[in-house]
Structures are given as C-alpha cells and as structure tokens.
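The residues making up each chain are set out below.
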Amino acid sequence: MHPVASLAVVTDTTTADHAAPWEHEGYEMVVGLEVHVELDTATKLFSASPHRFGDEPNTNIDPVTLGLPGALPVLNRAAVEQAMRLGMALNCTIQRSTFARKNYFYPDMPKAYQISQYDEPICVDGWLDIADGSRIEIERAHLEEDTGKSTHVGGAGGRIHGSEHSLIDFNRAGIPLVEIVSRPDMRSPEQAREYVSELRAILIAVGASDAKMEEGSMRVDANVSVRRPGAELGTRCEIKNLNSVRSVGRAIDYEARRQVAMLDVGDAVRQETRHWDENDGRTHTLRSKEDADDYRYFLEPDLVVVDPDAAWIDSVRASLPMLPAARRQQLAAAVGMEPDSEAVRVVVDRGQDNYVLAVGAADGDAARAIVHVKEAYAEAGDVPPVPAGDLAELTKMETAGEITATQAKEILTVLVDNDGGDPRAIAADKGFEAMDTSELEAMVDAAIEAQPDAWAKFCAGEKKAAGALVGAVMKASKGQADGKAVNILLNQKRTQ
Amino acid sequence: MSDIAPPTLDLRAATIAVRVRAGELSAAQVVDDYLAAIDAHETDVHAFNLVLTDEARARAAAVDDAVAAGDDVGPLAGVPVALKDNMCTRGVPTTCSSKILEGWRPPYDATIVDRLRDAGAVVIGKTNLDEFAMGSSTENSAFGRTNNPLDVTRVPGGSSGGSAASVAAGFAPLALGSDTGGSIRQPAALCGVVGVKPTYGAVSRLGLVAFASSLDQIGPFAHDVADAALVLEAISGHDPGDSTSIDQGPLELTTVLEHGVDGMRIGRITDLPEGADPDVVERVDQAFAALADAGATIIDVSVPAFGYGLTAYYLIAPAEASSNLARYDGVRFGMRAEAPDTNAMYIATRTEGFGAEVKRRIMLGTYALSAGYYDAYYGRALKVRRRIAQDFAAAYAQVDALVMPASPSVAFRAGDKTADPMSMYLCDTYTIPANLTGEPAMSVPFGTGADGLPVGVQIITPALHDARMFQVAAELERRAPAS
C-alpha cells in the first residue's frame, strides 16, 4: 500500500462510546423497552384507506376507520408480511396468532376498542445484539392498529386538562403498528440507546418502517426499575413519550436516579406510568397502577386466526435483505476498519454501504471512498448522484499522488454539484498538477534552509514545529503540495 | 288472522319472480299491491320503522325497464323484501330501533342489500326489532312494539319481530332478519312462517349492525321453504369484506327440496331442557312421526350440555355486545347529548340513547369480561360453548339432523314477560345452542297449538349442511297438519 494512503485512513478510529455499566449509590438499573413502529404499507391494517403522513385531517378515512355500525375489519396481508419481516430480522419465531379487542373509551379510539394481538402474538422469542456485544432478548412483537390523533386546544402545553375543546384526526386511526417488547435486559442508558438505534437500523434495512421518531412512526416506552446487583427485580415505572434516542437515554437515567433517591430515604417505588418532559428533563406521574384501565381483552370475533404456513414464511424469509450488522462486517472488511467504527456505522445507517463497495469494485480505493462518502454525502440519499465510477477515479488519482487530499475534496464538491463528471478534467480545469517529487523535495529543502530554528526544534522532537515548515512549502507551492507528503519528507530528512 | 284482511297478493316469491321475468306481471304492480297492504294494516301491526315507498317504486320501475330491455333481472325479480332495521342501507336511516342512532344514514349498503339488488329484489322497508336485536318479543323497541298479525294482542316474537310480522301480514313475500340466539327462528314460529338461520359465515355480516359478532347471522323469513331457499341462495356465498364469511359459493338449496328423508337418521334429544308447553311438545312428536312415515329413522340421542347453552349465551352475547356497543359514544354519528365535557357527554348520550334491556346487557357483559371475573364467567362460558359443540358432534355421529321445538310456547301476550327478563330469556332455550355452535337451524310451521296459534318445529344439522336441513324442512312442510 502506498504510504500516503495508510495515513489517510488512520484518522477515523472513533468507535461508539461504550460507557461503564450504570451504577448509582450501589444500585443498578433494569430496563426493558416497548417500541411501537408504524409499518410501511400502502393501506391501513383493517381497511383500504391510504396510510400516508401529513395529509389533510380526516381525509384518509372510511367506515372501518370511523368504527361505523356494520363495518368489519379485513386484515391487510401486507402488514402481516411486514410484521413477519421484522420478526425474522429480530430472530423471532413466527407463530399462529390471533387478534383481541382491548376495550377503553377515548374520543380518538373510534370503536372504543383497539384491535391488537394479545396472548398469541405473531412474533415471539427473538433477540437483538447491540454494539457492546450484549444480546437483548425480544419477548414478542405483535400487530395492532394505531389510534386517531387528538389535538387539545386552549389548555396549557397541549394537554387535555384545561383545554376548551379537542380536535380529532382519524387519518392515523387504523395505521398498522407493531409493538416490539424486549425483556428487561438493559442495564444502562447507553445500552437502551444502542438498542433503539440498532432496532431502527434493522427496521429501515428490511423496509418494515421508515422508523422516523420525529414523525412518530417509531415511539418508545421504557420500563425502568432499580435494584441492588443480584437482588430481585424492583418495582418498575413505565415512561411514555420518548421520541428521540437522546430522550430515551436521558429519561431512563433520570428515572433510575429518581427511584434510587426514593429507596435511599426509605420510600417505596410505586408502580405507575410516567410522562417524560423533554423541557424540564424530568418524568412526571401520568397514572398509578390503581387507576389503570381494565381493558377486558377478549378474542376479536370479527377476525380469524392468522397462521402463516411454511411456504409463506419461507418466501418472506427469502426476500429479507442483508441486515445492518452483516453489512457493517462486509463494509468494514472492504475498507479495513472496525465494524464498530463511526464511518462504517454512519455509512451503513445511511444505506450508502453498497455505494462504497461499488467504488471499490470499480477499482477505486474503498478506504478513501468511505471517508469521502461519510463527509460529503450526508444529504445524498442511499444512492448518491455521483456515479461510483467517478468517485473511484478520484480515489485512484489520490492514491497515485496526482492530487492532494485537499484537492480531492474540492473536486468532489464539483462532482456532487454536477451529479458526477470526469475528475481528471476537473483537476485540469482547476490547474491541479501533480507535483514532481524532486520539485517538492527542493521546496522542502528551501523551507528548512529558510527556517533553521523550526527545523532544529522539529529534529529535537517538537512535532508542532513542522507546521511552520509545511506552511512555507504550501505557500511556495501555492497550495498544490500534498501536506502529508511534505510531512513524510520532513520525517525522512530528520532520520537521514 | 281474525282482525287483519288477507294479503293483497297471495303469490309466493318464486312465482312473482318467474312472472315478472316473463313479463306477465310488472314489478311496479307487485310493489303497489304490497304497499297497499301495508297502508291498510300497518297501523295494527307496526311491522316497519320505515316504509320505502318512493325507493321501492323507483326500484320496481327499474326492474320492469330491465325486463323490457331483455336483461337478466335475477331470481328475485320484482320481489319485495323487508329488511330488519339493523342492516345498513345507503342514505336510508338505519336505527336498530334505538334512539342512539337517531339521524344516522349509513354511507353504504350491507352486502346482503347489494346481493338482493343483484337478484332483482325490491327493498320495501326497514322492520322493527328489539333494540339492537336484544329481546324475544319486539317489545324493546324505542319506536313501540310490533304486534303479531295473527292476534294483535300478542307479540310476534323477537328480535326480528317486524320482519316475521311483515311476511305473516302479507306486507312482503320475503323478509330478512338476524339471529343471534333465535331471533329469526322464534318469531318465525310465533308468526307461522318459515325462518332460517344458515350456517355461521354462510351469509356476509358486512353491514349488519353487530350485536354479538360470533353469533350473529342473517337469514330469511318466507311463507314456504322454497321461497326461503330461493332468497338464501341469492344472499349467501363468500364476501371478502367479512373475514368470518365461509370461502365457498352460494348455498345450493332449491334443488334438494324434493329429495325427501327416506333413509335419513333424525335425532330426538332425550335430555332436552324441559319447559316446552304440552301443545308444542305434541306437535313436535307429530313431526317425528311424520318424518318416520316419510322413511326416516328416529334415533334418541343425548346432548348433555344442551341445557347449559342459555347460561353460556347470556355471558358470551352480552360480553361481545358490551364491546360492540361501546362505539355509540356521540362522537362520530347518531345522537349526542349536550354536556360540559367529554366524559359527561359519553354518559349522557348513552344514558338517554340506550333502552333498559340494552343497558342491562352492556352491564352484564362488561362484568363478565372484567379482571377477576373473566375466568369465572366469560372464560367458563367459552368452555361450555366448546363442550356443546363436542356434544353436538358426538350426536351427529349417530344422526343426520336434530328436530326439536323452536319456541317453548306459541305467541304470548304482549306485556306477559316484560317485567321478568329471565322468563323472556327462556324463550331462546332451544334456539341458542345452534348459535353457539354455528350450525344451521330453521323453524318450519307445523300445525297449531293453544288458541289456534302456530307451532314451529326446529331442524338443526351440522355446519355447512344447510341443504340437508332444507330437505327435512320441505318434507315437514309437505306433511304439516292442516291446522
């Protein structure tokens, strides 16, 4: 490998921050997550109304959505397939499943019951491996319908209490959801964040959901308790309204500390549902266990058993794409980085890994390409507009020492702005010419001669002193010199 | 039929359809004759919540035009059909005889309405019922009770009393009802007409306002078995809009009516719950004798769990009803009571909108499903339901069909049972098990009992064997006593 290339890649060594296990006053936290995900389907779970975000309120509705008398649900096969896909991606068993009615009154719940899988969910007993190597077990993933959306007008902070009236949009009612329930296997906010991030990446990769937390297509509830290590599970509280990965970490940390503080003064933790307030950074009581609704679940008599046969399961399994963990492995091997490194994670999360691999396949330098893609393609989408062959050509020029890293970035900007182009022509346009090694060496010698003090310091081991010398060469070359090549020459001369 | 004049038209649906198709009789004339009959006697009977005079005339004219144009107008061409008012009709009020649906016009037709239209039938009106189909006398209607056309001091049975009465009174040759625990068969028996609850899933429930979804089934009333078969063929068959609809074509019934019962094994249940009046028991015994004469073998069978059906039903049906009726909250359709906040609005709407029997069943059902009571009530009722199905299956190893009373008594006097819900519930003792098992069951008039009022004999066969049931029914009809 060319020496310059090896310098280029070692700059990216950042890996996800695996903090020490959470511990506070001798307690550990125990966290399980319930993640609601809107499935990517054309229509609703039980009717033909479109599943679309952002339409005019109450336009994607029909008798089933509104729960009109006489309307009957018909299960959307595509939603079942999506649930199967995500279940398989989470290593779950796909089983015979049924739907139940969860009965409660609320204006945005049109039938006054939610149709949800209850004691026989479609996906059970899976797991998800997170970055620190821990395996988080998945208890179940079940299908259910979303509710409508209430907007409370006139009250403080959009809450129903004190509001003058409420507006209801039923566009969301009946949107297919899957609730993914983990076992209480997480012990720190970092693990919870990593679980959510990895789950999100998997959902996107298999096409089950766009998993946009900011749009509410992925919503997280956390069950948090604390205990002395090795002791029985403590009383848990469920935290609602976690709509970013950051909130998940903050809320869990706050809640565990709150519980420890209660136990420390001899109070007992009450089982309750709590609301995370992003603004004040605290959780607040929503309702206690005693106030919990009795949902009076029973088997939904308007639907029949969903029992996917082996052929259906096999065909869905065969359609699953490579999952993020495997893609990170593949990309890492191609670019010579760790699977856990930031560049690999970012590029796979963006779905740009195939593009980087394509650059490598076009005889480009994948290691250089991943750095360019990570930095220049943040907004580019999963299939960047610059043809892989053009970026391959650019990395080849860099590797051959024909252009400097700085020049490469400039050329890439032009390529991105024009959806591709010939990097050599752009380099020629800009007057970037490969500098002859002897020419560069002459400039380095001139700089050493002009600044003997700096050279002496550099030779004495003061690495910063190189800056003045490199700067002089850059000035003399009008920016055409490769800073890294200059550094190499300086080091060579010092040891000669 | 002492104080009611005979029907204006004494034709069977099958005859009307044949003659309308042949151009011998205009659908407009048929509808006008039936409308005239309604006009003359509806005040005494009160079978209808709504008579669709204009719509029926327009529809009949369209049928006549189609006949004139040479189109195939279907097996029910020009036949007026009365619909129980818990079946959705597009743009036409559908009330379930409840105040809570005041002002609601469904934006869609029930599947059976589409199928009737495709068959050339003319919907002539929406008939009265016990509110949300909860009752056995059609006295629990927010719009007043329906009277039995054979004796207007008596009830027509229920909950499909308006539909049964409309056929018995000659207001329509056919009517549709819904049967959750006997709501077609019992009023058919009390009004002296044929009433059929087909196999669960044979007729789409889409557009039928739900009472108890796992039990509800739509079926016909007719003057004879052949007419019932004709309309049931037209409305049955798979509907992708109802997930519980059986994935098969329409029932084939009209072709089996002459097949007889020679060699058939007919079961007499030895441990049937007591309580049937002697006049009813006598007619049922005669029915067994008639079937034996026709070549059937009468075999005694035991269905030990039969008698537990009533108890199980009065947990399962209210449980489902408590959930099905929760949507009537005043938010999106129907009546809304004014109140200062949402919760108060819910309570006021439901308090004013629902009648006493509906409230009683919502409370029963809510209780049966509640945490801490589920296992003892709803859960146990489901076990009884399974047990009854097992007992029936065991009986069918020995027999092809079961025969028993449809109702423990002939039509009773209005007001006789309204003060005592249990006595009213007992009307369904013999009809409920077939709802719990999903099996087809029907009532055929078989002579008269006390006060010259009709007795209905019930036939039950295994699920999907509706045709065999019709075979037995047709034989009983041929051998029915003159009075």
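Everything numeric in this text was worked out from a predicted model, so none of it was measured.

The rules behind the values
- Residues numbered from 1 in each chain as written.
- Chains lettered and ligands numbered in written order.
- Predicted model: local features only at pLDDT ≥ 70, side-chain atom pairs only at ≥ 80, totals over all residues.
- Heavy atoms only, no water.
- Helix = DSSP H or I, 4+ residues; strand = E, 2+ residues; numbered from the N terminus.
- Buried < 20%, exposed > 50% of the residue type's maximum accessible area, 1.4 Å probe, protein only.
- Lys, Arg positive; Asp, Glu negative; His and termini not counted.
- Charge placed at Lys NZ, Arg CZ, Asp CG, Glu CD.
- Contact = heavy atoms within 4.5 Å.
- Areas by Shrake-Rupley, 256 points an atom, 1.4 Å probe, with all protein chains shown as cover.
- Axes fitted to C-alpha atoms, helices over the stretch in contact; angles between N-to-C directions.
- Parallel < 35°, antiparallel > 145°, perpendicular 65-115°, else oblique.
- Left-handed = near helix turned anticlockwise from the far one by under 90°.
- Nonpolar A, V, L, I, M, F, W, Y, C, P; charged D, E, K, R; others polar.
- Patch = residues over 30% accessible without salt bridge, like charges linked within 9 Å, V, L, I, M, F, W, Y side chains within 5 Å.
- Salt bridge = Lys/Arg side-chain N within 4 Å of Asp/Glu carboxyl O.
- Pairing = 2+ DSSP bridges.
- Domains from an automatic or database assignment.
- Buried area = accessible area lost by both parts, 1.4 Å probe.
- Polar contact = N/O pair within 3.5 Å; in protein donor to acceptor, adjacent residues only side chain to side chain.
- Phe/Tyr/Trp six-rings, centres within 6.5 Å; stacked < 30°, edge-to-face > 60°.
- Expected span 1.5 Å × (residues − 1).
- Core = buried A, V, L, I, M, F, W, Y, C linked by side-chain atoms within 4.5 Å.
- Disulfide = S-S within 2.5 Å.

Participant: Could you give an account of the overall build of chain A, naming the residues involved and the relevant values?
Facilitator: On a plain count of helices and strands, chain A comes out with 17 helices and 14 strands. Structurally, chain A occupies a C-alpha span of about 90 × 55 × 50 Å along its principal axes. Scored against the burial criterion, the 496 residues of chain A give a buried share of 49%. Side chains of chain A carry 52 positive and 81 negative charges; the gap between the two charge centres is 3 Å.

Participant: A description of the overall build of chain B should follow, citing residues and the corresponding values.
Facilitator: Assigned secondary structure in chain B consists of 15 helices and 11 strands. Taken along the three principal axes of its C-alpha coordinates, chain B extends 60 × 55 × 45 Å. Burial statistics for chain B: of 483 residues in total, 64% are counted as buried. Pairs at least 24 apart in sequence give 76% of the contacts found in chain B among residues at least 6 apart. Carbon and sulfur atoms provide 51% of the accessible area of chain B, an area that totals close to 16000 Å². Here chain B contributes 37 positively and 59 negatively charged side chains, and the mean placements of these two sets differ by 5 Å.

Participant: Describe the packing of helix α9 (residues 309-324) of chain B against helix α12 (residues 375-396) of chain B, listing the residues and the values that go with them.
Facilitator: Residues and elements named next belong to chain B. Between α9 and α12, the shortest axis-to-axis distance is 9 Å and the interhelical angle comes to 125 degrees. When the interaxial angle is binned, α9 and α12 end up oblique. Viewed along their axes, α9 and α12 form a crossing whose handedness is left-handed. Along the contact surface, α9 presents G309, A312, L315, I316, A319 and E320, while α12 presents Y377, Y378, A381, L382, V384, R385 and I388. Residue composition of the contact of α9 with α12, grouped by class: 10 nonpolar, 1 polar and 2 charged.

Participant: Account for a nonpolar patch on the surface, with residues named and values stated.
Facilitator: On the surface, a cluster of nonpolar side chains totalling about 290 Å² of accessible area is made up of Y367(B), Y373(B) and Y377(B). Mapping Y373(B) onto the fold places it in the loop between α11 (356-369) and α12.

Participant: Tell me about the pairing of strand β6 (residues 135-145) of chain A, and please be specific about residues and values.
Facilitator: Residues and elements named next belong to chain A. The buried fraction of β6 amounts to 8 of the 11 residues, a majority that puts the element mostly inside the structure. Of the pairings in the sheet, the one linking strand β5 (residues 123-129) to β6 comprises 6 bridges and is antiparallel in character. Opposite L128, over in β6, you have I136 as the bridge partner. Count of turn residues in the β5/β6 antiparallel hairpin: 5 residues, of which G133 carries a positive phi of about 95 degrees. With 7 bridges joining them, β6 and strand β9 (residues 176-182) adopt antiparallel strand pairing. Counterpart to I138 in the pairing with β9 is S182.

Participant: Quick rundown of the domain arrangement of chain A? Include the residues and the values.
Facilitator: Residues and elements named next belong to chain A. Partitioning chain A into domains gives domain 1 (5-310), domain 2 (324-430) and domain 3 (437-495). Inter-centroid distance (C-alpha atoms) of domain 2 to domain 3 is 30 Å. Residue-level contacts link 4 residues of domain 2 with 5 residues of domain 3. Carbon and sulfur atoms make up 40% of the area that domain 2 and domain 3 hide from each other, which totals about 290 Å². A per-residue breakdown of the area domain 2 buries against domain 3 is headed by T404, A405 and Q407, which together make up 85% of the total. Counting across the interface, domain 2 meets domain 3 through 0 salt bridges. Run the count over domain 2 and domain 3 and you get 0 residue pairs in polar contact (both at pLDDT 80 or more). In terms of residue class, the side of domain 2 that touches domain 3 is built from 2 nonpolar, 2 polar and no charged.

Participant: Describe the packing of aromatic side chains, naming the residues involved and giving the relevant values.
Facilitator: Per the counting criterion, the structure on display carries 22 aromatic pairs over all chains. Arranged with centres 5.8 Å apart and planes meeting at 70 degrees, the rings of F298(A) and Y378(B) form a pair that is edge-to-face. Pair noted here: F298(A) is in strand β14 (residues 298-299) and Y378(B) is in helix α12, and the two residues belong to different chains. Each member of the pair, F298(A) as well as Y378(B), is classed as buried. An aromatic cluster of at least three residues, connected via ring pairs, comprises W104(B), F132(B), Y328(B), F333(B) and F354(B).

Participant: For helix α5 (residues 245-264) of chain A, give the residues involved together with the corresponding values.
Facilitator: Residue and element names in this part refer to chain A. If you check α5, its first and last C-alpha atoms are 29 Å apart, about what 20 residues at 1.5 Å a residue would give, namely 28 Å. Contacts made by the buried residues of α5 are with β1 (28-38), α4 (189-206), β10 (218-227), β11 (237-242), β12 (272-277) and β13 (282-288). In the stretch just after α5, G266 is the one whose phi turns positive, near 90 degrees.

Participant: Lay out the nonpolar core with the relevant residues and their values.
Facilitator: L33(A), I180(A), Y195(A) and F132(B) are the most contacted members of the largest nonpolar core, which totals 122 residues. Looking at this core element by element, the count peaks at 9 residues for α9(B). Excluding anything up to four places from it in sequence, Y195(A) contacts L33(A), V35(A), L128(A), I130(A), I136(A), I138(A), I180(A), S182(A) and M186(A).

Participant: Tell me about the sheet that holds strand β10 (residues 441-448) of chain B, and please be specific about residues and values.
Facilitator: Residues and elements named next belong to chain B. Strand order across the open sheet formed by 11 strands is β1-β3-β2-β4-β6-β5-β10-β11-β9-β7-β8, with mixed pairing between neighbours. At either margin of the open sheet sits one strand with a lone partner, and together these are β1 (48-51) and β8 (297-301). The sheet shows a mean angle of 30 degrees between the axes of neighbouring strands, direction not considered. By the bridge criterion, 5 bridges tie strand β7 (residues 265-269) to β8 in an arrangement that is parallel. Of the residues in β8, the one forming a bridge with G267 is I299. The strands touched by helix α2 (residues 27-45) within the sheet are β1, β2 (80-84) and β3 (122-127), with β3 carrying the most contacts at an inclination of about 20 degrees. Sitting on the sheet, helix α4 (residues 111-118) touches β2, β4 (174-179) and β6 (217-222), and the angle it makes with β2 is about 180 degrees.

Participant: Residues and numbers for the interface of chain B and chain A, please.
Facilitator: Counting residues at the interface gives 37 residues for chain B and 29 residues for chain A. In total, chain B and chain A occlude about 2600 Å² of area from one another, counting both sides; carbon and sulfur atoms represent 59% of this. By the criterion of area lost to chain A, the three top residues of chain B are S243(B), R327(B) and R332(B), representing 24% of everything that side buries. In this assembly, chain B and chain A are joined by 1 salt bridge. Between R205(B) and D302(A) there is a salt bridge, with the nearest N and O atoms lying 3.1 Å from each other. Along the contact surface separating chain B from chain A lie 14 residue pairs in polar contact (both at pLDDT 80 or more).

Participant: Tell me about helix α5 (residues 161-168) of chain B, residues and numbers included.
Facilitator: Residue and element names in this part refer to chain B. The element α5 is largely enclosed, with a buried count of 8 among its 8 residues. The complete set of buried residues in α5 reads G161, G162, S163, A164, A165, S166, V167 and A168. Just beyond α5, the residue with positive phi is G170, at close to 80 degrees.

Participant: Mind laying out the state of the cysteines, listing which residues take part and the relevant values?
Facilitator: The bond known as a disulfide is covalent and runs between the sulfur atoms of two cysteines. Applying the stated criterion across every chain yields a total of 0 disulfides over all chains. For C92(A), which is in no disulfide, the shortest distance to another cysteine sulfur is to C123(A) and amounts to 5.2 Å.

Participant: Break down the pattern of salt bridges for me, with residues and values.
Facilitator: For the structure shown, the criterion picks out 55 salt bridges over all chains. A salt bridge links E28(A) to R227(A); the nearest nitrogen and oxygen atoms lie 2.8 Å apart. Pair noted here: E28(A) is in strand β1 and R227(A) is in strand β10, with a separation of 199 residues, a long-range link. Judged by relative accessible area, which is 16%, E28(A) ranks as buried. K493(A) serves as the salt-bridge partner of D445(A), at 3.0 Å between the closest nitrogen and oxygen. Of this pair, D445(A) sits in helix α14 (residues 437-450) while K493(A) sits in helix α17 (residues 483-495); the two residues are 48 residues apart in sequence, bridging distant segments of the chain. Taken together, the shared-partner salt bridges connect R101(A), E300(A), D302(A), R205(B) and D242(B) into one network.

Participant: Tell me what's going on with a negative patch on the surface, and back it up with residues and numbers.
Facilitator: A contiguous patch of negative charge, built from D40(A), D210(A), E214(A) and E215(A), is present on the exposed surface. Within the secondary structure, D40(A) sits in the loop between β1 and α2 (63-66).

Participant: Describe the environment of D109(B), naming the residues involved and giving the relevant values.
Facilitator: Residue and element names in this part refer to chain B. Here D109 is to be found in the loop between β2 and α4. Expressed as a C-alpha distance, the spacing of D109 and R90, which sit 19 residues apart in the sequence, is 4.8 Å. From its side chain, D109 meets the backbone nitrogen of R90 in a polar contact 2.6 Å long. Engagement of the side chain of D109 in a polar contact is seen with the side chain of R117, the distance being 2.5 Å.

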